[in-house]
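Residues per chain are reported as follows:
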Amino acid sequence: MKRVKALLHQAFKMDHSERYAYNPTLHWNPRVEDYFIKAYGADRFSNISEALTRPSCYSCIRVNTLKTTSDAIVEKLLAFLQEARHQCDIDELNIRSNSSCAAMIRDARQGSYFDELKCHQVSNDCEGEPLEFSLGKDVPNASSLVTKCQLPGLDYVLFVKGSGPHKITYVDTPSLKEVIVSRKCAEAVLRGAKIFVPGVLACSAHVEKGDTIAVSVAIEQPNLDKGWAVGITRGTILQGHQTGKKCIIAERSGLYIGQGIAMMSRAGMFRVSEGVAIEMINRVFDLPSFNDVLEGEIFLQNLPSIITAHVLAPQKGERILDMCAAPGGKTTAIANLMKDEGEVVAVDRSHNKVLEIKKLAKEMGLSCISAFKLDALKAVCRRNGLTDTFNQQCENGGLAMAIVVNLQVVRHNREDEDERPYETLLMPLLLIRFTHRCYEHDQTFDNEETNQMLDVNEWKNTQRLKNGRGRSQRMGGRVELSKGFSPNSFDRVLLDAPCSALGLRPRLFAGEETVESLRNHGKYQRKMFDQAIQLVRPGGVIVYSTCTINPGENEALVRYALDRYNFLSLAPQIPRIGGPGIVGCRDSLDGQSVEEWLRPGEEELVQRFDPSSPIDTIGFFIAKFNVGQKDI
């Protein structure tokens with residue numbers, strides 16, 4: 001109750017500019033925050049946290065040079081942006097027919113992406129100087145919306161300029177109509193997306209199509225269970241700030257992301273399951289959207305991810321493994337650098353993500369990519385396969401047990417439970433081997449445990465027919481399963497490891513990551529790296545990367561790799577535009593031990609991309625290892 005009263009007091013005390021501003025504060029788990037402050041220092045971590053709440057002031061596009069040229073894409077993008085502006089004006093006039101409304105929209109658009117061409121630094125100063133890289137003026141300046149990167153070898157990378165943060169004038173009356181969207185929806189909107197129906201949580205009463213709407217975001221707040229919750233039920237009616245749930249108003253103060261036009265009524269937003277709910281006309285950050293634009297010719301990709309493919313330095317004719325390849329951005333970047341000559345093997349544990357990789361490769365006209373479903377933790381094939389294990393168990397007389405054990409193996413190796421039941425995949429093989437062994441060993445088939453397994457299999461098949469096809473089958477297409485790869489069978493391996501993703505931006509909430517979850521990420525990444533070590537040949541290369549700011553997943557992994565495998569050495573990276581790594585050690589996340597990072601001299605051999613630096617990228621980390629003669 002005290003907290004609610006404090007929020008109400010805050011809501012009525014603040015003036016108009018404070019309430020309808022965009023000034024988010026990133027909330028962290030207290031123990032995680034303390035760890036990061038010790039790693040970075042209080043001031044630097046504060047700057048990083050602030051930068052994470054805002055998008056980069058430009059979009060980075062990789063051109064598929066096997067299909068087109070950078071100059072041709074520049075012309076197409078400029079034409080697209082001009083047409084988008086023209087179409088936007090037409091749509092607004094169709095929705096709002098009277099001249100006063102049209103004038104209001106034009107006033108609101110002053111200083112938007114199309115009118116204000118000042119790219120600013122993360123200091124949030126809209127009047128700041130154009131952003132420059134340390135190696136040249138590579139980010140779009142005020143004279144051009146689309147420019148080519150000037151770094152050597154990266155002229156196929158284009159920067160499309162955005163703008164913001166913008167001051168937006170909201171009409172402050174009790175009748176102001178508002179919409180509250182989910183955090184994930186808001187993060188997408190800040191990157192240029194529209195507001196779709198599933199993202200709407202709450203809406204003012206009596207909203208009709210064509211109404212001007214103020215858009216704010218619901219951020220998770222601490223609750224009584226010492227956890228985090230939004231506290232808004234989808235479909236909640238907002239009554240303005242004089243009545244209704246005033247605590248909700250207080251919690252979203254300073255979290256207004258722009259103004260839009262309702263594309264459907266309030267009833268429609270909560271009745272239908274898809275469609276555009278709000279068309280944004282005035283955004284705090286204005287970045288162009290390239291969804292479904294020039295498919296196969298361009299790929300929207302963060303600059304550090306493009307740099308990662310270059311650091312790997314793939315050569316024509318080599319065999320390269322991308323261990324965690326989805327959605328395929330780095331995979332296709334590698335194939336492009338190889339001029340589609342060689343073999344790029346892409347694996348992912350998700351059926352549907354493998355389909356996405358295959359689809360992207362086809363769109364880009366890349367034939368050297370092979371995509372498989374495989375858990376990267378099981379990337380090294382076992383010497384004795386499933387069939388051999390079954391034969392050995394049968395020879396020992398454990399026929400029913402052989403079936404049970406092998407079913408458990410399949411169950412353990414499968415990740416998508418929406419696919420065919422594991423028994424249906426294995427049972428034909430087992431029955432063939434089973435009857436063959438029965439004949440050889442003169443054993444009968446009426447084992448009670450075996451019959452129970454067959455009954456279960458029959459029941460699951462019946463359930464599958466009753467419930468319809470699984471999600472993976474609805475997506476269309478099938479993917480090839482891989483049993484893993486032979487040791488020393490790849491020239492280069494890219495491990496863009498699953499991580500806490502604490503470098504992605506814009507990010508409006510970070511409290512879900514705990515000490516335990518961050519520690520588990522580190523353990524998981526070490527196991528994957530151990531697999532990569534076995535797969536790369538002596539004399540080969542491993543590149544490890546993450547999109548997190550957590551030293552425990554970055555520098556600590558490097559320390560682990562160098563200390564455990566004496567045949568590994570850090571290699572120089574080209575190009576190098578990121579900053580140095582972190583040297584030293586700190587108390588580990590659990591506080592029970594010391595976590596070692598880089599040693600003096602190693603910091604310049606890795607690249608750490610700081611989201612608060614002038615480069616204005618996501619938080620990212622890259623380490624490159626040369627592999628010597630193995631002793632494992």
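All values derive from a computational prediction rather than experimental measurement.

1. Remarks on the UniProt feature "active site" (unreviewed entry) in the protein chain
Consideration 1: Per the UniProt record, "active site" (unreviewed entry) is annotated on C547.
Consideration 2: Within the element layout of this structure, C547 appears in the loop between β19 (536–546) and α19 (555–564).
Consideration 3: Excluding residues within four positions of it along the chain, C547 makes contact with C499, A501, L502, G503, L504, I618, G619 and F620.

2. Some words on the sheet that holds strand β3 (residues 157–161)
Consideration 1: Within the open sheet, the 4 strands sit side by side as β2-β3-β1-β13. Their pairing is antiparallel. A strand with exactly one partner marks an edge of an open sheet, and here the two such strands are β2 (146–148) and β13 (298–300). Averaged over all pairs of adjacent strands, the angle between strand axes in this sheet comes to 30°, irrespective of strand direction.
Consideration 2: Direction of pairing for β2 relative to β3: antiparallel, over a ladder of 3 bridges. Note on β3: the bridge partner recorded for K148 is L158.
Consideration 3: Relative to strand β1 (residues 58–63), helix α10 (residues 303–312) is tilted by about 35°, and along the sheet it contacts β1 and β3.

3. Examining the environment of T147
Consideration 1: Looking at where T147 falls in the secondary structure, it is placed in strand β2.
Consideration 2: On the basis of relative accessibility, which here comes to 16%, the residue T147 falls in the buried class.
Consideration 3: In this structure the C-alpha to C-alpha distance between T147 and K161, which are 14 residues apart in sequence, comes to 8.5 Å.

4. What about the packing of aromatic side chains?
Consideration 1: Going through the model one piece at a time under the given rule, you end up with 18 aromatic pairs.
Consideration 2: Measuring from ring centre to ring centre gives 6.4 Å for F609 and F620, while their planes differ by 75°; the resulting arrangement is edge-to-face. Residue F609 is found in strand β23 (residues 606–609), and its partner F620 is found in strand β24 (residues 620–627); the two are separated by 11 residues along the sequence. The burial state of F609 is the same as that of F620; both residues are buried.
Consideration 3: Of note, R319 hangs over the ring of F490, and the distance from its end group to the ring centre comes to 4.2 Å.

5. With respect to the nonpolar core
Consideration 1: Grouped together as the largest cluster of nonpolar side chains are 53 residues, with contacts concentrated most on L77 and V157.
Consideration 2: Ranked by residues supplied to this core, first place goes to α10 with 6 residues.
Consideration 3: In this structure, L77 is in contact with I61, V146, L158, V160, F290, L294 and I298, ignoring residues within four places of it in sequence.
Consideration 4: Within the second largest apolar cluster, 38 residues are counted, among which are L374, V493, A497 and A561.

6. Concerning the side chain of R54
Consideration 1: Relative to the helices and strands, R54 is located in the loop between α4 (42–52) and β1.
Consideration 2: As a buried residue without a salt bridge, R54 has its nearest oppositely charged side chain in E50, at a separation of 4.6 Å.
Consideration 3: A polar atom in the side chain of R54 sits 2.8 Å from the side chain of T53.

7. A closer look at the pattern of salt bridges
Consideration 1: Inspection of every chain in the model, using the stated rule, returns 23 salt bridges.
Consideration 2: The salt bridge involving R564 is made with D530; its shortest N-O contact spans 3.7 Å. Remark: D530 occurs in helix α18 (residues 515–535) and R564 occurs in helix α19; sequence separation between them is 34 residues.
Consideration 3: A relative accessible area of 16% places D530 in the buried class.
Consideration 4: In this structure, the salt-bridge partner of D563 is R559, at a minimum N-O distance of 3.2 Å. Of the two residues, D563 and R559 both sit in helix α19, 4 residues apart, roughly one turn of that helix.
Consideration 5: The exposure class assigned to D563 is partly exposed, which follows from its relative accessible area of 45%.
Consideration 6: In this structure R559 comes out as buried when scored by relative accessible area, which is 4%.
Consideration 7: Connected via shared salt-bridge partners are R559, D563, E596, R599 and E602.

Each value, and the rule that gives it
- Residues numbered from 1 in each chain as written.
- Predicted model: local features only at pLDDT ≥ 70, side-chain atom pairs only at ≥ 80, totals over all residues.
- Heavy atoms only, no water.
- UniProt positions renumbered as here; feature names shortened; annotations may be inferred.
- Helix = DSSP H or I, 4+ residues; strand = E, 2+ residues; numbered from the N terminus.
- Contact = heavy atoms within 4.5 Å.
- Pairing = 2+ DSSP bridges.
- Axes fitted to C-alpha atoms, helices over the stretch in contact; angles between N-to-C directions.
- Buried < 20%, exposed > 50% of the residue type's maximum accessible area, 1.4 Å probe, protein only.
- Phe/Tyr/Trp six-rings, centres within 6.5 Å; stacked < 30°, edge-to-face > 60°.
- Lys NZ or Arg CZ within 6 Å of the ring centre and 35° of its normal.
- Core = buried A, V, L, I, M, F, W, Y, C linked by side-chain atoms within 4.5 Å.
- Lys, Arg positive; Asp, Glu negative; His and termini not counted.
- Salt bridge = Lys/Arg side-chain N within 4 Å of Asp/Glu carboxyl O.
- Polar contact = N/O pair within 3.5 Å; in protein donor to acceptor, adjacent residues only side chain to side chain.

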